[in-house]
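Fold and contact review
Take a look at the letters that make up each chain.
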Amino acid sequence: MEKIYDAAEIEYWLSKEQIRSYFDTPDLSFHLCRYEKEEFLTTPDTPVEDLLFVVRGTIQIYGIREDGGISPVNQSSSPTLIGDLEFSRQGNPPLYALAKTEVTCIALSMTKYQKQLHCDLRFLHMLLKSYSDKLALFISINVPASTTEERVLLYMKNISPAHELNGLEAAIHQIHCSRRQLQRVLKKLCSTGQIEKTGRGRYRLKDTGF
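The following paragraphs examine the structure supplied in this document. Since the model is a prediction, treat every value here as computed from it, not as a measurement.

1. Here's the deal with the sheet that holds strand S11 (residues 195–199)
Read across the sheet, three strands follow the order S10-S12-S11 without closing on themselves; strand pairing throughout is antiparallel. One side of each edge strand has no neighbouring strand; the edge strands of this open sheet are strand S10 (164–166) and S11. Across the sheet, the mean angle separating the axes of adjacent strands is 25° when strand polarity is ignored. Bridging between S10 and strand S12 (residues 202–205) involves three bridges; their strand directions are antiparallel. Looking across to S12, one finds that asparagine 166 is bridged to arginine 202. Of the strands in this sheet, S10, S11 and S12 touch helix H5 (residues 148–158), which is tilted by about 80° from S12. Each of S10, S11 and S12 touches helix H7 (residues 179–191); the most contacted strand, S11, lies at about 110° to it.

2. So, the nonpolar core
Formed by 23 residues in total, the largest nonpolar core has its most connected members in Phe23, Phe30 and Ile106. Membership of the second largest hydrophobic core comes to 17 residues, among which are Met156, Ile172, Leu182 and Leu186.

Definitions and cut-offs
Residues numbered from 1 in each chain as written. Predicted model: local features only at pLDDT ≥ 70, side-chain atom pairs only at ≥ 80, totals over all residues. Heavy atoms only, no water. Pairing = 2+ DSSP bridges. Helix = DSSP H or I, 4+ residues; strand = E, 2+ residues; numbered from the N terminus. Axes fitted to C-alpha atoms, helices over the stretch in contact; angles between N-to-C directions. Contact = heavy atoms within 4.5 Å. Core = buried A, V, L, I, M, F, W, Y, C linked by side-chain atoms within 4.5 Å. Buried < 20%, exposed > 50% of the residue type's maximum accessible area, 1.4 Å probe, protein only.

Structural data, given as structure tokens:
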């Protein structure tokens, strides 16, 4: 990980992503963190010191089961926030966050600004939205759906833009299944006419009212 303090580059990303709009606290000092592909942003054995606003790149979030297998949670592209749970829990991150591409983050020290942030109403509202978005993603797919097939249909109906699944890698993390399971379900849903294949790794829901 490379820390960058170039004022012009920092200001570019602050303005482009409107990061300052998340805070009432004036004169916050930000810096950039740049991660190479396959580099970890967070791990459960490393304390998180900064709030990280991912402004470029794609990250994968996952846990490790007791048997050593990977339990995928999500795959996100910018913009997304890392450190919201750790800010509230005051502990190490429960999950791994891995850079799937080169990733650039706007970083803000939680240690330096902890007192101010706990009193920053706009920031706290932003945290609530971040928590609610993550909870809504989990509930919308996992609670009403008992099978992988149902989760795929709910994902395409409620979460994916334009009711399309575009790329298997991101979908398997949000649907919580293996690539083989997803491919098998997509093939079945195509054969039953519920979805249609529109390109390599691209599928469209045919009936949004299932």
